[in-house]
Number of protein chains: 2
Amino acid sequence: MTKVSAFAAMERGGKLEPYEYELPPLGKEDVDIEVHYCGLCHSDMSMLNNDWRMTSFPFVPGHEVVGIVRAKGDDVRSLEVGDKVGVGWHCGSCMQCHQCLGGDQHLCGDSQYTIVGHHGGFGESIRAHWSWAIPLPDGIDMSKAGPLFCGGITVFNPIATAGVHPTHRVGVIGIGGLGHLALKFLNKWGCEVVAFSSNPKKEQQILDMGAHRVIHSKDPKALKAIRGQLDFIINTTNVALDWNAFMKTLAPKGTLHHVGMVVEPFGISALDLVGGEKSVSGSPVGSRVLVSKMLEFCVRHDIYPTVEEFPLEQCNEAFEHLEQGKARYRIVMKVKD
Amino acid sequence: MTKVSAFAAMERGGKLEPYEYELPPLGKEDVDIEVHYCGLCHSDMSMLNNDWRMTSFPFVPGHEVVGIVRAKGDDVRSLEVGDKVGVGWHCGSCMQCHQCLGGDQHLCGDSQYTIVGHHGGFGESIRAHWSWAIPLPDGIDMSKAGPLFCGGITVFNPIATAGVHPTHRVGVIGIGGLGHLALKFLNKWGCEVVAFSSNPKKEQQILDMGAHRVIHSKDPKALKAIRGQLDFIINTTNVALDWNAFMKTLAPKGTLHHVGMVVEPFGISALDLVGGEKSVSGSPVGSRVLVSKMLEFCVRHDIYPTVEEFPLEQCNEAFEHLEQGKARYRIVMKVKD
């Protein structure tokens, strides 16, 4: 049995406190990873508050992990002890269904999630199936790479797989943990990048991160002024905006793509879609191979999240900072150098 | 001046009656077409009733025209007098905007529509810009080809351009004028074809037209039984169905595509899209070149609408037959042999 020191909430919405748990013997397809850094994602807060009715307590958050393989099961052939890896929302997939066989392990119906029924990266170690312990490319900065494994791949996935071309004019709604990475990716993807934000104070930072223009996301006049101009929009927010107005900003054949979990119905009808041959779509994180391709793209273009680092011991302060909407733009916990 | 004998409604919802109008001199990019056959589409009824607030009276319906070029303007180089052609919803596009230049003339913002501000095919002649007078391929049956130019291309467009593969399992909702053509196309496209109909009496006909299975579109149990199984769905109806239930019938990465004008909001949210990487999309008819490709596909596979023929003089009976939901499956007016 291996003991793991971590930080856990004992109850819904509770403060995190030091917590120790024991891991069962290592499965033959699993790896144990010594955590060095771990990002803090909005989903950690949703899970802490049991918003999705699938949290078990004690709850150890953290699903944007980078670290070093310290043990591996007998059947793990593609990783060695000492390898630098990252783990995101997924820590396992069945590897035998059509989705897994087809390369879409992130859409496997029997996936395991890093912080659902498992303890996450706010501790000295996590365990994952080898398939989702993803090797870091040489030269990547471990202290900033964590957020790429959830926030990063979530916005990289539609850019890479939904037909975004370098000649496109692309909008990003909501410039937070996910949105700021979308700006950086899209800028290097070659696109004209239009940021939608409701916070005018962020404007200069948004331009510095790669946007060519900033538009107030709740200003009907501003939305009207760019009618018919955008080829693709990525929505990273989970708030109810005027989606009909955003549909009108799309050019013919344009797509409004949601990665934010807007629970309220969009209020759109065939009238918003048919005439201009438009689409509304959505996606979760991204496939196993696409994460690797994204990491290579990041190294090639020197793309990292803009991070604020907290030592793991200050994890409650980090949660507060996030909850108050102060994160600029992604929080990373330093667990071990 | 050329005189044209036709049938027109003098007021909203009125009966059609013999009507004669004069055409101005032929424009140098236009052609006059002697009408031989003309399909009757639901849009003709919507226009007759001024549902879309864009009808002018006297109103001559008909936008699924096949006939023979009998005069052409000086600048028309791609057609000759005597050519067999068809005309659908569009009778002109600006030919100079990005959509036109890009091959998407059907998305041109300055398009002209055959029965909007123009007199349609329920008469001895119509006029169109050369670009939308589309040559019929050799060997096509003129008496049945009309409905391909609106109903046909409307369902062929998503099949041909939205990534439908022969290995896909595809659903068609609503087996009427559009839906029955979708079944025939999809069968020859190589797909597994699942028809959704609310009329059990049509079942054998639906199977005969190329569906491999028929499911009652308003039976929640039947929809539940095929959860996660469809790669693509084409909705041809304009009624409010349980769209959340249909979204659940989609496999991961699946798309629900609307060609029917459902005016009520769909009631879907990010919850329906994100987890399974799904889309909702829509489209109008199809591009100029795609109509030609569709016609070739039809000749190659002997695909025609299932038609009921009425002489033009019985156009009021034809409208009644359509209104009563009795059309099996598309009405065609015979204007001239």
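**Remarks on the interface of chain B and chain A**
In this complex, chain B contributes 32 residues to the contact, which on the side of chain A involves 32 residues. Across the chain B to chain A interface the summed buried area is about 2600 Å²; carbon plus sulfur atoms make up 65%. When the buried surface of chain B facing chain A is broken down by residue, B:Met261, B:Val274 and B:Glu277 rank first, second and third, together holding 21% of it. Where chain B packs against chain A, one counts two salt bridges. B:Lys253 is the salt-bridge partner of A:Asp104, the closest N and O atoms lying 2.9 Å from each other. Connecting chain B to chain A are 15 residue pairs in polar contact (both at pLDDT 80 or more). Those elements that place two or more of their residues in the side of chain B that touches chain A are strand S14 (250-258), helix H9 (270-273) and strand S15 (279-282) of chain B. Per-class residue counts for the side of chain B that touches chain A are 14 nonpolar, 13 polar and five charged. Looking at chain direction, strand S15 (residues 279-282) of chain A and S15(B) are connected through three bridges and run antiparallel.

**Examining the nonpolar core**
A:Phe122, A:Leu148, A:Leu183, A:Phe185, A:Leu186 and A:Met294 are the most contacted members of the largest nonpolar core, which totals 88 residues. Counting residues per element, this core draws most heavily on helix H5 (residues 177-189) of chain A, at seven residues. Two domains each donate at least three residues to this core, and these are domain 1 (2-150 + 286-334) and domain 2 (152-282) of chain A. Leave out the neighbours within four places in its chain, and A:Leu148 touches A:Ile140, A:Ile153, A:Leu181, A:Phe185, A:Met294, A:Leu295, A:Cys298 and A:Pro305. One finds B:Val35, B:Val65, B:Cys91 and B:Phe122 within the second-largest nonpolar core, a separate group that totals 87 residues.

**A closer look at the relation of the copies chain B and chain A**
Each copy of the sequence occupies a distinct position, and chain B is placed on chain A by a rotation of 180° and an axial shift of 0.0 Å, giving an RMSD of 0.0 Å. Considering both components of the superposition, the chain copies are consistent with a two-fold axis. It is B:Val280 whose C-alpha, among those of chain B, lies nearest the rotation axis, at 2.6 Å. Taken as a fraction of all interface residues of chain B, those also at the interface in chain A reach 100%, which identifies the copy contact as same-surface.

**Some remarks on helix H4 (residues 151-161) of chain B**
Within H4(B), nine of the eleven residues are buried, which leaves the element mostly enclosed by the surrounding structure. The complete set of buried residues in H4(B) reads B:Gly151, B:Gly152, B:Ile153, B:Thr154, B:Val155, B:Phe156, B:Asn157, B:Pro158 and B:Ile159.

**Quick notes on the domain arrangement of chain A**
All names here are of chain A. Taken domain by domain, chain A consists of domain 1 (2-150 + 286-334) and domain 2 (152-282). The straight-line distance from the C-alpha centre of domain 1 to that of domain 2 is 27 Å. In this assembly, 19 residues from domain 1 lie in contact with 21 residues from domain 2. Regarding the contact of domain 1 and domain 2, the summed buried area is about 1700 Å², with carbon and sulfur atoms giving 68% of it.

**Regarding the packing of aromatic side chains**
In the structure shown here, the tally under the stated rule is 24 aromatic pairs over all chains. Pairing B:Tyr19 with B:Tyr21 gives two aromatic rings, centres 5.9 Å apart and planes at 25°, and the pair type is stacked. Ring centres of B:Trp189 and B:Phe297 lie 5.5 Å apart, and the angle between their planes is 55°; on these two criteria the pair is classed as tilted. In this pair, B:Trp189 is assigned in helix H5 (residues 177-189) and B:Phe297 in helix H10 (residues 288-301), connecting sequence segments 108 residues apart. Classification of B:Phe297 by relative accessible area gives buried; the value is 7%. Here a set of aromatic residues connected by ring pairs shows up, and it is made of A:Phe156, A:Phe185, A:Trp189 and A:Phe297. One Lys or Arg, A:Arg328, reaches over the ring of A:Tyr329 and ends 5.8 Å from the middle of that ring.

**Quick notes on the packing of H5(B) against H10(B)**
To describe two helices that pack against each other, one gives the angle between their axes and the distance between the axes. Residue and element names in this part refer to chain B. Close contact between H5 and H10 brings their axes to 11 Å; oriented N to C, the two are set at 75°. Taken together, H5 and H10 sit at an angle that is classed as roughly perpendicular. In this structure, H5 uses Phe185, Lys188 and Trp189 to contact H10, whose residues at the interface are Met294, Phe297, Cys298 and His301.

**Remarks on the sheet that holds strand S13 (residues 230-235) of chain A**
The twelve strands lie next to each other as S12(A)-S11(A)-S10(A)-S13(A)-S14(A)-S15(A)-S15(B)-S14(B)-S13(B)-S10(B)-S11(B)-S12(B), forming an open sheet whose pairing is mixed. Bordering the open sheet on either side are strand S12 (213-216) of chain A together with strand S12 (213-216) of chain B, each of which pairs with just one other strand. Pairs of neighbouring strands in the sheet enclose a mean axial angle of 20°, with direction left out of account. Bridge analysis of strand S14 (residues 250-258) of chain A against S15(A) gives four bridges, and the strand direction is parallel. Within S15(A), the position partnered with A:Thr255 by the bridge is A:Ser279. Sheet strands in contact with H5(A) are strand S10 (169-173), strand S11 (192-197) and S13 of chain A, and its direction is about 165° off that of S10(A).

**A closer look at the pattern of salt bridges**
Tallying each qualifying case throughout the model produces 24 salt bridges over all chains. Across the pair B:Glu20 and B:Lys3 runs a salt bridge whose closest N-O atoms are separated by 3.9 Å. One end of the pair, B:Glu20, is in strand S2 (residues 16-23); the other, B:Lys3, is in strand S1 (residues 2-9), with 17 residues separating them in the sequence. Judged by relative accessible area, which is 48%, B:Glu20 ranks as partly exposed. Note that B:Glu34 and B:Lys336 form a salt bridge whose closest N and O atoms lie 3.8 Å from each other. Placement of the pair is B:Glu34 in strand S3 (residues 30-40) and B:Lys336 in the segment after strand S17 (330-334), with a sequence separation of 302 residues. One network of salt bridges, with partners in common, ties together A:Arg169, A:Glu192 and A:Arg213.

Calculation rules
- Per chain, the residues get numbers from 1 upward, laid out in the order the sequence is written.
- Chains and ligands are labelled sequentially in the order written, the chains with letters from A and the ligands with numbers from 1.
- In keeping with the model being predicted, local features are shown solely for residues with a pLDDT of at least 70 and side-chain atom pairs are shown and tallied solely at 80 or more, while totals for entire chains, interfaces and linings include all residues.
- Side-chain measures were taken over the full set of non-hydrogen atoms in the model, leaving aside hydrogen atoms and water.
- The contact criterion used throughout is that any non-hydrogen atoms of two residues lie within 4.5 Å.
- Buried area: the accessible area, evaluated with a 1.4 Å probe, that two parts lose upon being put together, summed over both parts.
- The term salt bridge refers to a side-chain nitrogen of Lys or Arg lying within 4 Å of a carboxyl oxygen of Asp or Glu.
- Definition of a polar contact: a pair of N or O atoms within 3.5 Å, with one able to donate and the other able to accept a hydrogen when the atoms are protein atoms, and with sequence-neighbouring residues admitted only if both atoms are side-chain atoms.
- Only DSSP runs of H or I with at least four residues qualify as helices, and only runs of E with at least two residues qualify as strands; both kinds are numbered from the N terminus onward.
- Each residue is assigned to one of three groups, with Ala, Val, Leu, Ile, Met, Phe, Trp, Tyr, Cys and Pro labelled nonpolar, Asp, Glu, Lys and Arg labelled charged, and all others, Gly among them, labelled polar.
- Each pair of strands is called paired provided DSSP finds at least two bridges between the two strands.
- Only buried residues count toward a nonpolar core. Its members are Ala, Val, Leu, Ile, Met, Phe, Trp, Tyr and Cys residues joined through side-chain atoms within 4.5 Å.
- Three exposure classes are used, based on accessible area relative to the maximum for each residue type with a 1.4 Å probe and protein chains only: buried under 20%, partly exposed in between, and exposed over 50%.
- Domain extents, as shown, originate in an automatic or database domain assignment.
- Here the copies are superposed with least squares, the fitted atoms being C-alpha atoms of residues at a pLDDT of at least 70 in both.
- Centres within 6.5 Å are what make two rings of Phe, Tyr or Trp a pair, Trp counting through its six-membered ring; a difference in plane orientation under 30 degrees is then read as stacked, over 60 as edge-to-face, and the rest as tilted.
- Only Lys NZ and Arg CZ are tested; either one counts as a charge over a ring when it is within 6 Å of the ring centre and within 35 degrees of the ring normal.
- To obtain an axis, a line is fitted to C-alpha atoms, over the contacting stretch when the element is a helix, and the angle between two such axes runs from 0 to 180 degrees between their N-to-C directions.
- The scheme is simple: roughly parallel for angles under 35 degrees, roughly antiparallel for over 145, roughly perpendicular for 65 to 115, oblique for anything else.

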